[in-house]
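Listed below, chain by chain, are the residues.
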Amino acid sequence: MKDTLILAIESSCDETAASVVKNGRTILSNVISSQIALHTLYGGVVPEIASRKHIEKINQVIEQALSDAGVTLDDLDAIGVTYGPGLVGALLVGVAEAKAIAYAKKLPLVGVHHIEGHVSANYIEHPDLEPPFLCLIVSGGHTHLVIVKDYGEFEILGRTRDDAAGEAFDKVARAIGLGYPGGPKVDKLSKEGNPDAIEFPKAKIGDCPYDFSFSGVKSAVLNYINHAQMTGEEVNRADLAASFQKAVVDVLVEHTMLAAKDYGMNKIAIAGGVASNGTLRAAMEEACKKNNYSFCRPSPIFCTDNAAMIGVAAYYEYIKGTRHGWDLNAVPNLKLGER
């Protein structure tokens, strides 16, 4: 059989990325142009600046991806692109670029759901992993617990009722003066602290044991800081970060293990930007080992936004026959499972 080569484009937030993926599992190139240094000046992603930077970088990133893979546009079988969810202006840059290349080269266009891309990142380094399996998706905008029933087919068991886990990390990082990006900085500082120093609440939602809520623990951290300031007490930032992180990680792991037991799943995966958190990875690995589950996690480079994961997801959509027309548009609030 002839190899299937897909050029994938990702521009949903503040990374401009392109990748060439062969047969859905082999990454021939993975180029990422990050804007973190730029947005750090503002304490978070500025959508207008992100969009402008994508326009500047996208052609260079695609040329580099093709060059690294040793292929040209004429060798490709399809173009895959993230069309949602994400920042609308940022998404539009990638979608417009993908449509232009597909139109010029008469190639099939395959729109990809960004979160499905994150789940698909697990296929890159785990060649034996196939659905069904249980996946915890944790990122700045999403916290979902899903059964991956088939490629591109999901059953959502639980989701956050308020803040996503990554959002809570960013807000707590800002409150303790760590700045942006919050998640990696909290993780780093936590290594110097005692995770049992402060007991923060862990929300349980009675009517849905797999749902999450992180606004309570975030508020508890802010209240702790305010109380310390009013009473003139010194806050140990490392202990605070470690205790907050433990409260979040404990809930993520407990809910995942509960769902695995209830649904008889013995293959567990994690995905999304927060899946690169060292404490979460270690805790999930330990829990899976204890319960005799197999555990898959992408390398940190494939947890944060990248185009390789989009190429993998695009491949499975492509072989299923998914094709998008020239009316493909950015859908900033695209829900998981929606098409």
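About the thresholds
- Residues numbered from 1 in each chain as written.
- Predicted model: local features only at pLDDT ≥ 70, side-chain atom pairs only at ≥ 80, totals over all residues.
- Heavy atoms only, no water.
- Helix = DSSP H or I, 4+ residues; strand = E, 2+ residues; numbered from the N terminus.
- Rg over C-alpha atoms; globule rule 2.2 N^0.38 Å.
- Buried < 20%, exposed > 50% of the residue type's maximum accessible area, 1.4 Å probe, protein only.
- Contact = heavy atoms within 4.5 Å.
- Areas by Shrake-Rupley, 256 points an atom, 1.4 Å probe, with all protein chains shown as cover.
- Salt bridge = Lys/Arg side-chain N within 4 Å of Asp/Glu carboxyl O.
- Axes fitted to C-alpha atoms, helices over the stretch in contact; angles between N-to-C directions.
- Parallel < 35°, antiparallel > 145°, perpendicular 65-115°, else oblique.
- Left-handed = near helix turned anticlockwise from the far one by under 90°.
- Nonpolar A, V, L, I, M, F, W, Y, C, P; charged D, E, K, R; others polar.
- Pairing = 2+ DSSP bridges.

Enquirer: Before we move on, could you go through the overall build of the protein and cite the residues and values that matter?
Expert: Along the protein, the regular secondary structure elements total 12 helices and 10 strands. Computed over its C-alpha atoms, the radius of gyration of the protein comes to 20 Å, within 12% of the 20 Å expected for a compact globule of 339 residues. C-alpha extents for the protein along the principal axes are approximately 65 × 45 × 30 Å. Per-residue burial over the protein gives 54% buried out of 339 residues. Partitioning the contacts of the protein with sequence separation of at least 6, the portion at a separation of at least 24 is 73%. On the protein, roughly 14600 Å² of surface is accessible, and the fraction owed to carbon and sulfur atoms is 51%.

Enquirer: Lay out the environment of D239 in plain terms, naming residues and giving numbers.
Expert: Residue position: D239 is located in helix α9 (residues 237-263). D239 gets classed as buried once you look at its relative accessible area, which sits at 19%. Sequence separation between D239 and L5 is 234 residues; the distance between their C-alpha atoms is 48 Å. Setting aside chain neighbours within four positions, we find D239 in contact with G193, N194, A197 and I198.

Enquirer: Outline the pattern of salt bridges, listing residues and values.
Expert: What the rule picks out here adds up to 16 salt bridges. With a closest N to O distance of 3.1 Å, E56 and K53 form a salt bridge. With E56 and K53 both in helix α2 (residues 47-69), this residue pair falls 3 residues apart, about one helical turn. A relative accessible area of 24% means that K53 is categorised as partly exposed. Bridged by salt links that share partners, the residues D163, E167, K171 and K218 form one connected network.

Enquirer: Give me the lowdown on the packing of helix α7 (residues 182-190) against α9, citing residues and values where you can.
Expert: Where α7 contacts α9, the axes come no closer than 8 Å and their chain directions differ by 115°. Taken as axis vectors, α7 and α9 run roughly perpendicular relative to one another. Relative to α9, α7 is oriented so that their crossing is left-handed. Contact residues: V186, D187, L189 and S190 in α7; R237, A238, A241, A242, F244 and Q245 in α9. Of the residues that constitute the contact of α7 with α9, the class distribution is 6 nonpolar, 2 polar and 2 charged.

Enquirer: I'd like a description of the sheet that holds strand β7 (residues 143-150), backed by residues and values.
Expert: Taken together, the 5 strands give an open sheet; going across it, the order is β8-β7-β6-β9-β10, and neighbouring strands pair in mixed fashion. The sheet is open, and its two borders are formed by β8 (153-159) and β10 (294-296), each paired with just one other strand. When strand polarity is set aside, the average angle formed by the axes of neighbouring strands in this sheet is 25°. Against the sheet, α9 makes contact with β6 (133-138), β7, β8 and β9 (267-271), and its axis sits at roughly 160° relative to β6, the strand it touches most. Contacting β6, β9 and β10, helix α10 (residues 278-291) runs over the sheet at an angle of about 160° to β10.

In short, shape yes, function no, at least from these values alone.
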